[in-house]
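Structure assessment
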Amino acid sequence: MATETAASPREVAAVGATGAAHLVLTTWLNKQMVFTIAAILFWIGFVGVRVHRDRAVLRRWGFTGQGFWRSMVMLLPCGVVAVVAMLGYGLLAGTLIFSWRFFLLLALYPAWGLVQQFLVVGLLAGNLRNDGRLPEGVIVPVIAVLFAAIHLPSIPLVIVAGVTAVITTSVYFKTGNLFALGLFHGWIGSLAYFFVLGKDPLADLLRGGIWP
């Protein structure tokens, strides 16, 4: 069982605002790095303030070693299926690319994946669950639809995001661990960039395609 996240309405609203900023800066203005850095800084500050007030809140959110390996065991078959599916898609659609930066992205992306899982699963889904008015069977697809929607207009990315949210939310409700979800999210995101979207985000950054 996951521990309580105790998210307030203000925190849920902040998650919504972050999602809106993602839609505007990433989808419309193509400023992925601006959004990523701004979001990370904002939420680091948020977490710092909450931890200063209540040091036990990190464990309640899921920033703990407890449940990590159980989560990884549950995520492993999903990860294997994801690798095969995205590799197959990339080969058939001609979107598959590869470079040494793929391994660098595998190492770096989980940090951003952890932030996203904290917001969407730890705070938003956790708050809905603690509220008690919606069963888990309803919360999971609601979170999946919301997370998928902010990845529009790319249909392949919407599908990957939606399926990922179904998996990570379901696992979180059983184990309450965010670290494993951050790793899974980061690795799935890396696969999606190189195999499904045919993009190398680190190369784009170096060329100045993401930074203003």
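The structure we're discussing is the one just above.
Residues numbered from 1 in each chain as written. Predicted model: local features only at pLDDT ≥ 70, side-chain atom pairs only at ≥ 80, totals over all residues. Heavy atoms only, no water.

**Looking at the overall build of the chain**
Under the convention used in this document: A run of H or I in DSSP becomes a helix once it reaches four residues, and a run of E becomes a strand once it reaches two; helices and strands are each numbered from the N terminus. Computation of the radius of gyration draws on C-alpha atoms alone. For the globule rule, the value is 2.2 Å times the number of residues to the power 0.38. Relative accessibility thresholds used throughout: buried, under 20% of the residue-type maximum; exposed, over 50%; partly exposed, between the two (1.4 Å probe, protein chains only). Contacts are assigned to residue pairs that have any heavy atoms within 4.5 Å of one another. With residues, only the protein chains shown are counted as cover, and all accessible areas are computed by Shrake-Rupley using a 1.4 Å probe. The charge count treats Lys and Arg as positive and Asp and Glu as negative. His and the chain ends do not count. Positions of charges follow a simple convention, taking NZ of Lys, CZ of Arg, CG of Asp or CD of Glu.
In terms of regular secondary structure, the chain is built from nine helices and zero strands. Starting at the N terminus, the α and β elements of the chain follow one another as α-α-α-α-α-α-α-α-α. Expected size for 212 residues packed as a compact globule is a radius of gyration near 17 Å; at 17 Å, the chain falls within 12% of this value. When its C-alpha atoms are laid out on the principal axes, the chain stretches across 45 × 40 × 30 Å. When each of the 212 residues of the chain is scored for burial, the buried share is 47%. Here the analysis covers contacts within the chain between residues at least 6 apart in sequence; of these, 78% occur between residues at least 24 apart. A total of about 10,700 Å² of accessible surface is found on the chain, and carbon and sulfur atoms cover 73% of it. Of note, the chain has its 14 positive side-chain charges centred 3 Å away from the centre of its 7 negative side-chain charges.

**A word on a nonpolar patch on the surface**
Rules: Patch membership needs two things, relative accessible area over 30% and no salt bridge, and members are linked within 9 Å if like-charged or within 5 Å if nonpolar (Val, Leu, Ile, Met, Phe, Trp, Tyr). Only one rule defines a salt bridge in this text: a Lys or Arg side-chain nitrogen within 4 Å of an Asp or Glu carboxyl oxygen.
A surface patch of nonpolar side chains, amounting to about 280 Å² of accessible area, comprises Leu134, Val138, Val142 and Leu146. Within the fold, Leu134 resides in the loop between helix H5 (101–131) and helix H6 (136–149).

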